[in-house]
Amino acid sequence: MKDKLSYLAPLITGVCILFIPLVRDFHLESAILAATTGAFWAGVACARQNGGIHSDSIRCVRILGYLYLAGLPLLIYALITGCYTIQGFGFWIFLPGPSVFLGGGIGRLVRSFNIPWPSTCTIVTLLLIALGGLLYEFLTLPQLYFFNHVWGYWPGPIYDEAVRFPLSLVGFRFLTFCWILIVWLVPSLNQETLHRWLFGLAAAALMAGYTQLEDMRIVSPNSYLQQQLGGLKQTEETRIYYASSSYSDEEIDRLSKEIAFHTDQIKQTLALEKPDSTTRFEIYLYADPWQKKKLVGAKYTSYVTVWQSVPQIHIAKEQVSGSLKHEIIHAVTALLEWPGLLPNIGLTEGIAVALDPDRSPKSTIDQLVAAQEPYPTVEQMQSYLSYWGFYTGRSSVNYTTVGSFVRYLIESHPPKYFVQAYRCGDVAQAYPQPFPKLVDGWHQRLDSVHIDSSDRNRASEIFGRLSIFEQQCPHKVPRSVELYDQFLLSSSRNDTSGAIAALSELKEIDPEQYNPTLLWMLWNLKARQPKLVIDEPVQDQERIEAHLLSADAYRMDGQPQQARESLYK
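Worth saying up front: this structure is predicted, and the values here are computed from it rather than measured. (Residues numbered from 1 in each chain as written. Predicted model: local features only at pLDDT ≥ 70, side-chain atom pairs only at ≥ 80, totals over all residues. Heavy atoms only, no water.)

**Quick word on a nonpolar patch on the surface**
Consideration 1: Taken together, Tyr68, Ile86, Phe89 and Ile93 make up a surface patch of nonpolar side chains, about 370 Å² in accessible area.
Consideration 2: Take the nonpolar patch: its biggest share by element is 3 residues, from helix 4 (residues 86-94).
Consideration 3: Take Phe89: it is sitting in helix 4. (Patch = residues over 30% accessible without salt bridge, like charges linked within 9 Å, V, L, I, M, F, W, Y side chains within 5 Å. Areas by Shrake-Rupley, 256 points an atom, 1.4 Å probe, with all protein chains shown as cover. Salt bridge = Lys/Arg side-chain N within 4 Å of Asp/Glu carboxyl O. Helix = DSSP H or I, 4+ residues; strand = E, 2+ residues; numbered from the N terminus.)

Set out below in structure tokens:
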């Protein structure tokens with residue numbers, strides 16, 4: 001009976017996990033949970049119970065089996081709902097197993113040294129590895145991806161792009177395997193010659209591996225990023241590191257002037273004193289989102305390391321026109337002093353949206369919020385201004401709503417109050433009015449905003465975007481999205497054949513999204529293939545773009561009469 005319960009309990013646990021959004025997906029997050037749980041479970045089990053290397057290994061194998069039993073309901077659910085991906089399978093293979101045996105090895109190592117309170121000592125050791133390593137890298141490195149021997153791997157921002165299984169995880173887990181050998185073999189070094197040889201080989205492999213962390217893409221320190229980008233321009237406000245192969249001197253000069261303009265404008269709005277040269281921030285300009293993803297783990301997400309002593313803006317060339325001012329706001333306000341590790345995330349994003357409010361090209365942020373009655377309550381605004389509430393909700397709602405509220409605070413009260421709120425992370429503490437009264441004043445302002453049906457439609461579209469916690473398959477990326485991403489990559493690197501190949505497949509499987517037929521026609525004209533464009537049947541005959549491209553194709557093919565006829569269809 002006891003054996004049956006030992007197998008039934010993990011299955012029941014897995015079923016319970018199915019009720020937790022995001023974690024129920026048979027993918028990265030559940031694999032991280034399994035790896036972390038397994039490391040501590042095996043560590044405590046091996047620290048408490050005596051036995052040799054064989055019995056300890058059996059304990060670890062049994063614990064790993066229980067973890068996979070708990071993952072079985074998640075796998076079945078993924079298969080039934082169509083959410084299964086080979087990427088998730090890879091994470092479940094490479095994350096839990098090494099973590100379990102590392103935790104078990106640390107537990108038996110502590111036990112072999114007869115250290116008092118072996119379970120507690122094992123837990124503390126694993127916590128130092130799991131949290132201490134992460135905290136050190138987070139505070140010293142600019143990257144947003146992290147590797148860890150206990151919980152495995154975090155890829156960077158996951159809410160706007162697919163989570164891929166990286167080959168660098170295989171290299172990192174090889175280092176974990178070397179650590180496993182070392183901690184498992186230390187207790188028996190005086191007894192087995194073979195164990196001494198294996199220990200020496202593992203130690204040598206570790207030393208060699210840790211000298212190649214940058215090339216293995218396990219860490220990306222500032223010096224490595226600067227070397228990969230190659231360009232540097234220093235101004236009074238900032239140091240600009242840029243991809244020298246993608247930016248001309250004229251472009252960098254123009255950008256440096258634009259940065260200076262935005263910086264002065266932000267400081268004037270918030271009545272900030274001009275900092276001295278030692279407090280300037282840094283900007284890393286990447287050739288494209290794919291280079292940024294490769295180096296720091298963020299693809300379409302621009303970001304600022306506001307938690308570091310020198311704030312850094314990381315942004316790709318395609319994102320400069322739309323996101324540069326937003327990120328500069330983060331960098332300038334990050335120079336304000338915070339007493340804690342992180343600022344209030346709602347105020348951080350709120351000020352950036354308030355001072356760079358183009359959430360929609362045709363509606364202001366106040367119009368978008370005013371079009372979505374009823375207005376957010378005091379309790380909802382308090383949630384939006386909390387770290388957990390901001391990131392677990394819909395980003396499109398939180399960014400726009402908090403941006404509108406912060407804009408009201410800045411425009412209706414002296415800026416010094418908001419600066420104080422930003423520094424202490426608490427609006428209620430910084431403003432003389434009670435927080436409910438501030439929210440009520442904001443509501444009155446929203447009542448005075450003119451809105452029409454187009455504002456309501458845009459607000460419904462923007463606010464209706466599901467968060468990653470609400471999606472049925474948060475990590476299952478449609479093939480059409482993958483193909484369009486391939487097209488964007490080929491386009492940014494002037495790979496005509498790659499762009500046409502991606503568009504050719506895209507227009508076959510999803511001719512409506514992204515207008516692939518029009519893009520395909522355009523790129524074939526760039527490739528000097530007018531006959532392909534002429535022979536392509538265009539389903540939407542009312543689109544002027546299709547007629548123009550067809551006319552261009554006829555003209556390129558030496559058929560001017562047909563070109564005129566195409567324009568007048």
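**So, the packing of aromatic side chains**
Consideration 1: Inspection of every chain in the model, using the stated rule, returns 24 aromatic pairs.
Consideration 2: Seen from their ring centres, Trp41 and Tyr66 are 5.8 Å apart, and the 10° between their planes marks the pair as stacked. You can see Trp41 sitting in helix 2 (residues 28-48) and its partner Tyr66 sitting in helix 3 (residues 53-81), a full 25 residues away along the chain.
Consideration 3: Owing to a relative accessible area of 14%, Tyr66 belongs among the buried residues under this scheme. (Phe/Tyr/Trp six-rings, centres within 6.5 Å; stacked < 30°, edge-to-face > 60°. Buried < 20%, exposed > 50% of the residue type's maximum accessible area, 1.4 Å probe, protein only.)

**Side note on the pairing of strand 4 (residues 238-243)**
Consideration 1: Counting buried residues along strand 4, 6 of its 6 residues qualify, which places the element largely inside the surrounding structure.
Consideration 2: Pairing geometry for strand 3 (residues 230-234) and strand 4, over 5 bridges, is antiparallel. Opposite Gly230, over in strand 4, you have Ala243 as the bridge partner.
Consideration 3: With antiparallel pairing between neighbouring strands as the criterion, strand 3 and strand 4 make up a hairpin whose turn holds 3 residues.
Consideration 4: As judged from the 5 bridges shared by strand 4 and strand 5 (residues 281-286), these two strands associate in the parallel manner. Considered in strand 5, the bridge of Thr238 is made with Phe281. (Pairing = 2+ DSSP bridges.)

**Describing the nonpolar core**
Consideration 1: Residues Leu285, Ile351, Phe405, Phe418 and Val427 are the most contacted members of the largest nonpolar core, which totals 135 residues.
Consideration 2: Looking at this core, the element that brings in the most residues is helix 2, giving 10 residues. (Core = buried A, V, L, I, M, F, W, Y, C linked by side-chain atoms within 4.5 Å.)

**Brief notes about unusual backbone geometry**
Consideration 1: With an omega of 0°, the peptide bond running from Glu373 to Pro374 counts as cis.
Consideration 2: Examined against the element boundaries, Pro374 turns out to sit in the loop between helix 14 (365-370) and helix 15 (378-384).
Consideration 3: Unlike most non-glycine residues, Arg217 shows phi in positive territory, near 60°.
Consideration 4: Looking at the element boundaries, Arg217 is found in the loop between helix 8 (193-210) and helix 9 (222-229).
Consideration 5: What makes Arg217 partly exposed here is its relative accessible area of 35%.

**Digging into the environment of Asp253**
Consideration 1: Summarising the element assignment, Asp253 is placed in helix 10 (residues 249-269).
Consideration 2: The exposure class assigned to Asp253 is partly exposed, which follows from its relative accessible area of 34%.
Consideration 3: C-alpha of Asp253 to C-alpha of Thr235: the two residues are 18 residues apart in sequence and 9.9 Å apart in space.

**So, the packing of helix 7 (residues 167-185) against helix 8**
Consideration 1: In contact at an axis separation of 9 Å, helix 7 and helix 8 are set at 145° when each is read in the N-to-C sense. Handedness of the helix 7/helix 8 crossing: left-handed. In this structure, helix 7 uses Phe174, Leu175, Cys178, Trp179, Leu181, Ile182 and Leu185 to contact helix 8, whose residues at the interface are His195, Leu198, Phe199, Ala202, Ala203, Ala205, Leu206, Gly209 and Tyr210.
Consideration 2: Class assignment of the residues belonging to the contact of helix 7 with helix 8 gives a composition of 14 nonpolar, 2 polar and no charged. (Axes fitted to C-alpha atoms, helices over the stretch in contact; angles between N-to-C directions. Left-handed = near helix turned anticlockwise from the far one by under 90°. Contact = heavy atoms within 4.5 Å. Nonpolar A, V, L, I, M, F, W, Y, C, P; charged D, E, K, R; others polar.)

**Thoughts on the state of the cysteines**
Consideration 1: Per the stated rule, a full pass over the model turns up 1 disulfide.
Consideration 2: Disulfide pairing places Cys83 opposite Cys473 at an S-S distance of 1.8 Å. When the S-S torsion is -65°, as for the bridge of Cys83 with Cys473, the disulfide is left-handed. Residue Cys83 is located in the loop between helix 3 and helix 4, and its partner Cys473 is located in the loop between helix 21 (453-463) and helix 22 (479-492); the two are separated by 390 residues in the primary sequence. Grouping residues by exposure puts Cys83 and Cys473 together as buried.
Consideration 3: Lacking any disulfide linkage, Cys60 is separated from the closest cysteine sulfur, that of Cys46, by 4.1 Å.
Consideration 4: Of the cysteine sulfurs around Cys178, a residue in no disulfide, the closest is that of Cys60, at 18 Å. (Disulfide = S-S within 2.5 Å.)

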